[in-house]
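Residue-level listing of the chains:
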Amino acid sequence: MTLVLTIVLSGALAALTCLFALWSLGSVWPYRDRAALARRISRLPAAQHTPHRGMLALIAGALFLAALLPWLMYLGPSDGPWRAAFTGGAILAALVFGLSGLSPYTVSAPFS
């Protein structure tokens, strides 16, 4: 069961990593244009500009590291300081990505 959960979590994060990497290279897939992509990323109906490509690449890198965490938890030591560090890293990643979902509601003009 733990292996299945590890594969599912890493797979989902790897898929998101690929999307953000594509967007950082200039792709707008699966949307028609940059404005549609900007509206979806920011969750604001009036958004016209996507984040800077460097920011998208930084997010892709963070997602890649987050995709490694389930494997480190699965293959790593069963107790001790390394296990605590992996657990803390997973909690920190969950907090960062969870709180980033609130950003469209806290900024007045994102990506401008």
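Structure: above.
One structure accompanies this document, and this report is about it. (Residues numbered from 1 in each chain as written. Predicted model: local features only at pLDDT ≥ 70, side-chain atom pairs only at ≥ 80, totals over all residues. Heavy atoms only, no water.)

So, helix 2 (residues 34-42)
By the burial criterion, the buried members of helix 2 are A35, A36, L37, A38, I41 and S42. Close packing links the buried residues of helix 2 with helix 1 (2-24) and helix 3 (53-75). (Buried < 20%, exposed > 50% of the residue type's maximum accessible area, 1.4 Å probe, protein only. Helix = DSSP H or I, 4+ residues; strand = E, 2+ residues; numbered from the N terminus. Contact = heavy atoms within 4.5 Å.)

Some details on the environment of R34
Tracing the chain through its elements places R34 in helix 2. For the pair formed by R34 and A47, sequence separation is 13 residues and the distance between their alpha carbons is 9.7 Å. Look past the residues within four positions of R34 in its chain and what remains in contact with it is W23, G26, S27, V28, Q48, T50 and R53.

Description of unusual backbone geometry
Cis geometry marks the peptide bond from W29 to P30, where omega comes out at 10 degrees. By the element assignment, P30 lies in the loop between helix 1 and helix 2.

Describing a nonpolar patch on the surface
On the surface, L3, I7, W71, Y74 and L75 cluster together into a nonpolar patch covering about 470 Å² of accessible area. For the nonpolar patch, the secondary structure elements donating two or more residues are helix 1 and helix 3. Looking at the nonpolar patch, the element that brings in the most residues is helix 3, giving 3 residues. Mapped onto the secondary structure, L75 falls in helix 3. (Patch = residues over 30% accessible without salt bridge, like charges linked within 9 Å, V, L, I, M, F, W, Y side chains within 5 Å. Areas by Shrake-Rupley, 256 points an atom, 1.4 Å probe, with all protein chains shown as cover. Salt bridge = Lys/Arg side-chain N within 4 Å of Asp/Glu carboxyl O.)

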